[in-house]
Amino acid sequence: MSESMSSATETFDCRDIFAATLEEMAAEDQRICAVVNDSVGSTKLGGFRRRFPERFVNVGIAEQNMVGASAGLASGGMIPFCCGASCFLTARAMEQVKVDLGYAQNNVKLCGMSSGLAYGELGPTHHSIEDLAWTRVIPNLSVVVPADPVETRSALQWARDNDGPVFLRLSRMPVPRLFPDDHRFIPGQAPVLRDGGDLTIFANGVLVFRALEAAVRLGRRGILARVINMSSITPLDREAVLRAARETGAILTVEEASIYGGLGGAVCEIVAEEHPVRVRRMGVPGVFAPTGSEAFLLEHFGLTAEGIESAAADLVRQRRAP
Amino acid sequence: MLICIFMQKQFVESDLRWFPCKNNFHRPLAVQSRNWVVTMRETTATEDLLRRLTLAARRVRMRALQMVHHARIGHPGGDFSAADILVALYLGVLRLRPSDPSWPDRDRFVLSKGHCSAALYATLAEAGFFEEKVLGTFMDPLSILNGHPDRKKVPGVEANTGPLGHGLPLATGMALAARMKKAAWRTFVLTGDGELQEGSNWEAGLCAAQYGLDNLVLIVDRNGIQQGDFVEKIIRMDPMADKWRSFGWQVAEVNGHDFGELLCVLGSSPLLPGKPTCIVANTVKGRGVSFMENNPKWHHHVPTDKELALALAELEGAER
């Protein structure tokens, strides 16, 4: 585990700011409603249900209907936030996500909770590491992986204002605050958190702070890593990727997801077509993860500050080799 | 000619709703009779309406078959079983403004069996949502008339359907939206009977009953045939009405080709406060052309030139 930042800094479960922001928005806007699949506790929407019972729909354990009915609510003029564990919300209702949301452009905000390896001990049935690959290929669907509480709040507000379907991939893993209060999530714009010229690390979600820690450690070894927060998977900041390729010559992608099809896949597609440089993808490497806590599994797959540092150093070494 | 008035016993005079009905209307509806008072009155106006609908349905069938013949692909059997239901809805039941398709207070209709798009498009043209000549572009490259309906392209279409089992969840959400917005519009959704093999329908069925969506009406086009064979030979869906009843829905059964019954029951729907309504419409696949009727082949058979000519002649000469 990374120690320096997480032990020294207060951490936050982003579901708290998620629930608070949703309630706040619902108080301001009568169109906002919540749809859950018997997941009131894990989505932390008990408060929403108490305050806005007439705008709270619990469809029971039924994800196809959850997404389909959300599309109907949107078509009827509401702004539904459709919330459930990401593994079920996406996989179980994928055709509804494709047809009723992406194709029909219904204004639904999918909130995939406890994504990635959050349900570590429960096993691969409950890991949601495929969700980015699945959602990324659906036209009209924005895909967002916020990195901290400030960005979670901003992404929710953006989702409310953006007329179109959105997949917000949220986690329950506590993360430190990375952004100042006035940070705004802007789709298709990947902010540089730390600049450097030796390689670029693209990270999102709960791994951004680990990537930043890795960059600090790399700095001590004389390797200057650029760290970019790629919370906006769709649309993707192509220019940030191409600048990274041109200016730093090597790219490391870091995500709490399969290395196939998600952030790593998206970056590789652009780099391979437009400006080939060496890319290394970190994530879950095409296997079903073993049992263990989220912290254990992240360590198992090298998704720690040390692991990212080591992979980055290797990458730079390979690039510099003749 | 008669008008029948369906009235719930607890309704007051101002809640009376008047609906035209065929003079040979005699079968008691499968609604619980203790909840209803049915009276009938003489009128001549209804005859005109029934004649208008009959002619419109004939044109819808003829155009749908021509469209399938033109596109060399389509689902004429299901188009024909649903044609009378669609015409009854669009020309007799739904509150719509064809010149203003996104009028906020309109009734919603979702064609869940989206493969029967030819009948839907022909009905929308009949109702005045777009010009009839557009039908000639059915499934042509870049036409607005996809093989399955697209709400972003076709005026009057509420939902993108095609994969089965999407319509009822969508309609359930629409009905929930109306309730949240305290709006008076109703939501109607038409599914096939084979389509109800998709589990998503039953997820929505449970939800609609739990929330007591008495602004939601499901119509089952019960033609008894799915793509591969008769429904009962694939996965049996009987007893259809009992299934919905046991899920907590108010159920009525009608002859899906009898405009009198369709107008009475669809016009009176939703049937009861506090419950979603399911209308099991007993239909015949391929209805209207003798050699198409009740034959699984016509689920997606494209008529030859000769078959088209014979079918059009038969429809043209039909008395009913």
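What comes next concerns the included structure.

What to know about the overall build of chain A
Okay, step 1: Broken down by element type, chain A carries 14 helices and 14 strands.
Okay, step 2: In terms of overall dimensions, chain A is globule-like: its C-alpha atoms have a radius of gyration of 19 Å, near the 20 Å expected for 322 residues.
Okay, step 3: Viewed in the frame of its principal axes, chain A has a C-alpha envelope of about 65 × 40 × 40 Å.
Okay, step 4: Counting all 322 residues of chain A, 62% fall into the buried class.
Okay, step 5: Working note: accessible area of chain A is about 11,600 Å², and carbon and sulfur atoms make up 50% of it.
Okay, step 6: With 32 positive and 38 negative side-chain charges, chain A shows a separation of 3 Å between the mean positions of the two kinds.

A few points about the packing of aromatic side chains
Okay, step 1: Scanning the entire structure with this criterion turns up 11 aromatic pairs over all chains.
Okay, step 2: When the ring of F48 of chain A is compared with that of F56 of chain A, the centres are 6.2 Å apart and the planes differ by 45°; the resulting orientation is tilted. Accessibility assignment for this pair places F48 of chain A and F56 of chain A in one class, buried.
Okay, step 3: Clustering of aromatic rings is evident, with ring pairs tying together W202, W244, F247 and W249 of chain B.
Okay, step 4: The ring centre of F80 of chain B lies 5.8 Å from the NZ or CZ of R61 of chain B, which sits over that ring.
Okay, step 5: R108 of chain B extends its terminal NZ or CZ atom over the ring of W185 of chain B, reaching a point 3.7 Å from the ring centre.

Observations concerning the pattern of salt bridges
Residue and element names in this part refer to chain A.
Okay, step 1: For the structure shown, the criterion picks out 31 salt bridges over all chains.
Okay, step 2: One salt bridge connects K44 with D16, and the closest N-O pair in it is separated by 3.0 Å. Within this pair, whereas K44 is found in the loop between helix 3 (40–43) and helix 4 (46–51), its partner D16 is found in helix 2 (residues 14–28), the two being separated by 28 residues in sequence.
Okay, step 3: Owing to a relative accessible area of 31%, K44 belongs among the partly exposed residues under this scheme.
Okay, step 4: We note a salt bridge from R217 to E309, for which the minimum N-O separation is 2.9 Å.

A short note on the packing of helix 5 (residues 63–75) of chain A against helix 4 (residues 167–180) of chain B
Okay, step 1: Relative to each other, helix 5 of chain A and helix 4 of chain B sit at 50°, their axes nearing to 6 Å. One finds that helix 5 of chain A runs oblique with respect to helix 4 of chain B. Crossing handedness for the pair helix 5 of chain A and helix 4 of chain B: right-handed. Packed against helix 5 of chain A, whose contacting residues are Q64, N65, G68, A69, A71, G72, L73 and S75 of chain A, the element helix 4 of chain B presents P169, L170, G173, M174, L176, A177 and M180 of chain B at the interface.
Okay, step 2: Here the residues of the contact of helix 5 of chain A with helix 4 of chain B are counted per class, giving nine nonpolar, six polar and no charged.

Examining the packing of helix 10 (residues 208–220) of chain A against helix 14 (residues 305–320) of chain A
Residues and elements named next belong to chain A.
Okay, step 1: Interhelical geometry of helix 10 versus helix 14 gives an angle of 55° and a closest axis separation of 8 Å. With respect to helix 14, the element helix 10 is oriented oblique. Taken as a pair, helix 10 and helix 14 cross one another with a handedness that is right-handed. Within the contact between the two elements, helix 10 uses R210, A211, E213, A214, R217 and L218 and helix 14 uses A305, E306, I308, E309, A312 and A313.

Some thoughts on unusual backbone geometry
Residues and elements named next belong to chain B.
Okay, step 1: Residue P239 is bonded to the preceding D238 through a cis peptide linkage, with omega at -5°.
Okay, step 2: Mapped onto the elements of the fold, P239 is located in the loop between helix 6 (231–234) and helix 7 (240–246).
Okay, step 3: P270 follows S269 through a cis peptide bond whose omega is -5°.
Okay, step 4: Structurally, P270 can be placed in the loop between helix 8 (259–268) and strand 8 (277–282).

Focus: the sheet that holds strand 6 (residues 142–144) of chain A
Residue and element names in this part refer to chain A.
Okay, step 1: The seven strands are arranged 3-2-4-5-7-6-12 in an open sheet whose pairing can be described as mixed. Each edge of the sheet is formed by a strand with only one pairing partner; in this case those strands are strand 3 (56–58) and strand 12 (232–234). Neighbour-to-neighbour, the strand axes of this sheet turn through a mean angle of 20°, independent of strand direction.
Okay, step 2: Most of the contacts of helix 5 go to strand 4 (residues 79–85), to which it runs at about 170°, and overall it touches strand 2 (32–36), strand 4 and strand 5 (109–113).

What about helix 12 (residues 263–274) of chain A?
Okay, step 1: The first and last C-alpha atoms of helix 12 of chain A sit 17 Å apart over 12 residues, in line with the 16 Å expected at 1.5 Å per residue.
Okay, step 2: On the buried face of helix 12 of chain A, the contacting elements are helix 8 (131–136), strand 10 (199–203), strand 12, helix 11 (238–248), strand 13 (250–258) and strand 14 (278–284) of chain A.

Remarks on the side chain of N37 of chain A
Residue and element names in this part refer to chain A.
Okay, step 1: Tracing the backbone shows N37 in the loop between strand 2 and helix 3.
Okay, step 2: Within the structure, the side chain of N37 is placed 2.8 Å from the side chain of S39, a separation counted as a polar contact.
Okay, step 3: At a separation of 2.7 Å, a polar atom in the side chain of N37 contacts the side chain of E63.
Okay, step 4: Apart from the residues lying within four places of it in its own chain, the contact partners of N37 are N58, V59, G60, A62, E63, M66, C83 and G84.

Quick look at the pairing of strand 5 (residues 187–192) of chain B
All names here are of chain B.
Okay, step 1: For strand 5, a buried count of six out of six residues is recorded, marking the element as mostly surrounded by other parts of the structure.
Okay, step 2: Where burial is concerned, the two faces of strand 5 agree: the one with T187, V189 and T191 and the one with F188, L190 and G192 are both buried.
Okay, step 3: Strand direction decides the pairing type here: strand 4 (residues 108–111) and strand 5, joined by four bridges, are parallel. Bridging from a neighbouring strand, V110 pairs with V189 of strand 5.
Okay, step 4: Summarising the sheet, strand 5 and strand 6 (residues 216–222) pair through six bridges and their orientation is parallel. In the sheet register, L190 faces strand 6, and the bridge partner there is I219.
Okay, step 5: Once you follow strand 5 into helix 5 (residues 199–210) and on to strand 6, the crossover reads as right-handed.

What counts, and where the lines are drawn
Residues numbered from 1 in each chain as written. Chains lettered and ligands numbered in written order. Predicted model: local features only at pLDDT ≥ 70, side-chain atom pairs only at ≥ 80, totals over all residues. Heavy atoms only, no water. Helix = DSSP H or I, 4+ residues; strand = E, 2+ residues; numbered from the N terminus. Rg over C-alpha atoms; globule rule 2.2 N^0.38 Å. Buried < 20%, exposed > 50% of the residue type's maximum accessible area, 1.4 Å probe, protein only. Areas by Shrake-Rupley, 256 points an atom, 1.4 Å probe, with all protein chains shown as cover. Lys, Arg positive; Asp, Glu negative; His and termini not counted. Charge placed at Lys NZ, Arg CZ, Asp CG, Glu CD. Phe/Tyr/Trp six-rings, centres within 6.5 Å; stacked < 30°, edge-to-face > 60°. Lys NZ or Arg CZ within 6 Å of the ring centre and 35° of its normal. Salt bridge = Lys/Arg side-chain N within 4 Å of Asp/Glu carboxyl O. Axes fitted to C-alpha atoms, helices over the stretch in contact; angles between N-to-C directions. Parallel < 35°, antiparallel > 145°, perpendicular 65-115°, else oblique. Left-handed = near helix turned anticlockwise from the far one by under 90°. Contact = heavy atoms within 4.5 Å. Nonpolar A, V, L, I, M, F, W, Y, C, P; charged D, E, K, R; others polar. Pairing = 2+ DSSP bridges. Expected span 1.5 Å × (residues − 1). Polar contact = N/O pair within 3.5 Å; in protein donor to acceptor, adjacent residues only side chain to side chain. Right-handed = clockwise from strand over helix to strand, strands pointing away.

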